[in-house]
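Report on the structure
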Amino acid sequence: SSEGFIPVVTTYATFITKRPFEQISHYCGYMGHKIIILGSGAGLAQTFSGNTHFSNEDLALMRTIPNMTVLSPCDALEAVKCFQFALESPGSVYIRLSGALGCPIVHTEDFELAKEKINVFTEGDDVLVVANGFVVDNCIKASQQLKLQEIKCEVISFPFIKPFPKLSYEYISKFSKIITVEEHSVIGGLGSTLAEYLATNNINSKLKM
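Anyway, here's the lowdown on the structure attached to this text. What you see is a predicted model, and the numbers here were worked out from it, not measured in a lab.

Another point: the sheet that holds strand β10 (residues 206-208). Strand order in the open sheet formed by 5 strands is β5-β7-β6-β9-β10, and the pairing between neighbours is mixed. Looking along the sheet, the strands with just one partner apiece sit at the ends: β5 (119-122) and β10. For this sheet the average axis-to-axis angle between neighbouring strands, irrespective of direction, equals 25°. Both β5 and strand β7 (residues 153-157) contribute to a ladder of 3 bridges, which runs antiparallel. Residue N119 lies in a different strand from β7, and its bridge partner there is S157. Across the sheet, helix α5 (residues 135-147) lies against β5, β6 (127-131), β7 and β9 (177-181), angled at about 170° from β7, the strand it touches most. The strands that helix α7 (residues 190-200) touches are β6, β9 and β10; relative to β9, the one it contacts most, it runs at about 150°.

Below, the structure written as structure tokens:
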């Protein structure tokens, strides 16, 4: 990295974030080296390998590192776009790949990946469902079932954990109920990030993580 190359490193998310956390913090965060870090099998995808392979803390850890962008794509197409974004990013990027092999594709057509843009998969005004990673597919299916009960959910995907997208006050405040869904500890992940955003922007929507 110090000689102008862009190192790309990858292994299971639990090993690539927790074991070398001190080195990542020093070299990427404080010394400013650019490294693209890919953590695969995040969350509980590697359940068959036992708790040594669980990765429920990686977002909480990586979002604390200065100058570190943290992304969590919901399918293969979004993962490619996240990697392209990482190549063009001036600093280090952690890309969290959740789910096992054969993750469903939720983007049915091409789209733009941008920090200011949210992806709306289903529209509704009863509850806002915010998700990232492979569980976005579960949320879309759940919203379709709830629609049969006349509960209209708006499902949106947030690949950007850090920096967090700037949601307009007009958009998010129109939902009195918000639910976050993720395959990560509720401490320090998507829900915590959204809670911080709501609190600092004086938005009084009820949040369930």
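Past the structure itself, the notes keep going.
All right, on to a nonpolar patch on the surface then. On the surface, I6, V8 and L87 cluster together to form a nonpolar patch covering roughly 220 Å² of accessible area. Relative to the assigned elements, L87 resides in helix α4 (residues 76-88). On the basis of relative accessible area, L87 is assigned to the partly exposed category, the value being 40%.

So, about the sheet that holds strand β3 (residues 68-71). The strands making up a sheet associate through backbone hydrogen bonding, with each pair oriented either parallel or antiparallel. A sheet is described by the order of its strands in space; here 5 strands give the open sequence β1-β2-β4-β3-β8, paired in mixed fashion. Every interior strand has two partners, whereas the edge strands, β1 (8-12) and β8 (160-162), have only one. When strand polarity is set aside, the average angle formed by the axes of neighbouring strands in this sheet is 20°. Pairing of β3 with β8, which is carried by 2 bridges, proceeds in the antiparallel orientation. Bridge assignment links V70 to a residue of β8, and that residue is K162.

So, on to the packing of aromatic side chains. Within the structure shown, the criterion is met by 5 aromatic pairs. The interplanar angle of 80° and the centroid separation of 5.2 Å between the aromatic rings of F85 and F160 together place this pair among those described as edge-to-face. With F85 in helix α4 and F160 in strand β8, this pair connects stretches of sequence that are 75 residues apart. Seen in terms of ring centroids, Y171 and F175 are 5.6 Å apart; in terms of plane orientation they differ by 70°. Their pairing is edge-to-face.

Scoring rules and cut-offs
Residues numbered from 1 in each chain as written. Predicted model: local features only at pLDDT ≥ 70, side-chain atom pairs only at ≥ 80, totals over all residues. Heavy atoms only, no water. Pairing = 2+ DSSP bridges. Helix = DSSP H or I, 4+ residues; strand = E, 2+ residues; numbered from the N terminus. Axes fitted to C-alpha atoms, helices over the stretch in contact; angles between N-to-C directions. Contact = heavy atoms within 4.5 Å. Patch = residues over 30% accessible without salt bridge, like charges linked within 9 Å, V, L, I, M, F, W, Y side chains within 5 Å. Areas by Shrake-Rupley, 256 points an atom, 1.4 Å probe, with all protein chains shown as cover. Salt bridge = Lys/Arg side-chain N within 4 Å of Asp/Glu carboxyl O. Buried < 20%, exposed > 50% of the residue type's maximum accessible area, 1.4 Å probe, protein only. Phe/Tyr/Trp six-rings, centres within 6.5 Å; stacked < 30°, edge-to-face > 60°.

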